[in-house]
Amino acid sequence: MLSKMRPPSPNRKKEVRLKRGPWTAEEDKLLTAYIQKHGYGSWGSLPHKAGLERCGKSCRLRWINYLRPYIKRGKFSLEEEQTIIQLHAFLGNRWSAIAAHLPKRTDNEIKNHWNTHLKKRLIKMGIDPMTHKPSTSPSPKNGSNLSHMTQWESARLEAEARLVRE
DNA sequence: AAGTTCGACAACCGCGGCTAT
DNA sequence: AATAGCCGCGGTTGTCGAACT
């Protein structure tokens, strides 16, 4: 939908070079202080008001994924991982919907965790991470034990997906 | 010790939905 | 009804530290 994309720098008064890349502690402080005082929203104008040389999009991302006071960071518990796998079986790559069931986790964090850990783990178990069903060409070396595991896991996932649906 | 590869995660980009005009 | 702009989402990339050679 290119027509909807805004031109490079439409109505910016001055060509302020917007900063990109990792956030500094100082920037975090500015953003947090501003949001604590005024709340968030209107991301387009927020950076300027907060004294940040970032685009609104970058500020929004930083706040949502990192600075919000109640988010939980660090290692995922077994329960959380199971929940993610179950929800993914039902919802697919709808990370924000999955994150809604794990209130303290962000969609970005869940997505990263899925891509770096859970997906690989399922593949290792012979489960297709997209369909959550035993993959069609299971690795030949870990035969029957694995297929039993995958059948069990698959049945469990389907049952749990049903539960989530209800 | 130096160089290379790998894994984890933060951040960016492009797109689509929604709303206001 | 058409258009412009904002917001949020999902995919992808970039960066950095750890592990390995």
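Given the structure is predicted, the values throughout are model-derived calculations rather than measurements. (Residues numbered from 1 in each chain as written. Chains lettered and ligands numbered in written order. Predicted model: local features only at pLDDT ≥ 70, side-chain atom pairs only at ≥ 80, totals over all residues. Heavy atoms only, no water.)

**Considering the environment of His113**
(1) Moving on: Mapped onto the elements, His113 comes out in helix 6 (residues 107–124).
(2) Moving on: In this structure, the C-alpha to C-alpha distance between His113 and Gly21, residues 92 residues apart in sequence, is 21 Å.
(3) Moving on: Leave out the neighbours within four places in its chain, and His113 touches Phe76, Glu81 and Leu118.
(4) Moving on: Separated by 2.8 Å, the side chains of His113 and Glu81 make a polar contact. (Helix = DSSP H or I, 4+ residues; strand = E, 2+ residues; numbered from the N terminus. Contact = heavy atoms within 4.5 Å. Polar contact = N/O pair within 3.5 Å; in protein donor to acceptor, adjacent residues only side chain to side chain.)

**Overview of the nonpolar core**
(1) Moving on: Ile84, Trp95, Ile98, Ile110, Trp114 and Leu118 are the most contacted members of the largest nonpolar core, which has 14 residues in total.
(2) Moving on: Residue assignment for this core shows that the elements contributing at least two residues are helix 4 (78–91), helix 5 (95–100) and helix 6.
(3) Moving on: Those residues in contact with Ile98 that sit more than four places away from it in its chain are Ile84, Leu87, His88, Leu91, Gly92 and Ile110.
(4) Moving on: Grouped together as the second largest cluster of nonpolar side chains are 11 residues, Tyr34, Leu52, Cys59 and Trp63 included. (Core = buried A, V, L, I, M, F, W, Y, C linked by side-chain atoms within 4.5 Å. Buried < 20%, exposed > 50% of the residue type's maximum accessible area, 1.4 Å probe, protein only.)

**A closer look at the packing of aromatic side chains**
(1) Moving on: The final tally for this structure, using the stated rule, is three aromatic pairs.
(2) Moving on: Consider the rings of Tyr40 and Trp43, whose centres lie 5.7 Å apart with planes at 20°: the pair is stacked.
(3) Moving on: Classification of Tyr40 by relative accessible area gives exposed; the value is 51%.
(4) Moving on: With 6.1 Å between their ring centres and 50° between their planes, Trp95 and Trp114 make a pair best called tilted. You can see Trp95 sitting in helix 5 and its partner Trp114 sitting in helix 6, a full 19 residues away along the chain. Just as Trp95 is buried, Trp114 falls in that class too.
(5) Moving on: A cation sits over an aromatic face here: Arg62 above Tyr66, 3.9 Å from the ring centre.
(6) Moving on: Here the guanidinium or amino end of Arg105 rests over the ring plane of Phe76, the centre of that ring lying 4.0 Å away. (Phe/Tyr/Trp six-rings, centres within 6.5 Å; stacked < 30°, edge-to-face > 60°. Lys NZ or Arg CZ within 6 Å of the ring centre and 35° of its normal.)

**A few points about the side chain of Glu27**
(1) Moving on: By the element assignment, Glu27 lies in helix 1 (residues 25–38).
(2) Moving on: Looking at Glu27, its side chain comes within polar contact range of the side chain of Arg54, at 3.0 Å.
(3) Moving on: Leave out the neighbours within four places in its chain, and Glu27 touches Lys19, Pro22, Leu52 and Arg54.

**Looking at the environment of Ala33**
(1) Moving on: Here Ala33 shows up in helix 1.
(2) Moving on: For Ala33, a relative accessible area of 43% puts it in the partly exposed group.
(3) Moving on: Separated by 17 residues in sequence, Ala33 and Ala50 place their C-alpha atoms 8.2 Å apart.

**Here's the deal with the UniProt feature "domain: Myb-like" (unreviewed entry) in chain A**
(1) Moving on: When the UniProt feature table is mapped to this numbering, "domain: Myb-like" (unreviewed entry) covers residues 15–67 and 68–118.
(2) Moving on: Regarding residues 68–118, the helix share stands at 63% and the strand share at 0%, and the terminal C-alpha atoms are separated by 25 Å. (UniProt positions renumbered as here; feature names shortened; annotations may be inferred.)

**Regarding the protein's contact with DNA strand C**
(1) Moving on: If you check the shell around DNA strand C, you find 13 residues, and the closest are Ser42, Arg60, Arg94, Ser96 and Lys111.
(2) Moving on: Atoms of DNA strand C within 4 Å of the protein: sugar and phosphate make up 64%, bases the balance.
(3) Moving on: Take Ser42: an N or O atom from its main chain is 3.0 Å from a phosphate oxygen of DNA strand C.
(4) Moving on: A distance of 3.4 Å is found between a phosphate oxygen of DNA strand C and a backbone nitrogen or oxygen belonging to Gly44.
(5) Moving on: For the surface near DNA strand C, the secondary structure elements donating two or more residues are helix 3 (56–67), helix 5 and helix 6. (Near = heavy atom within 4 Å.)

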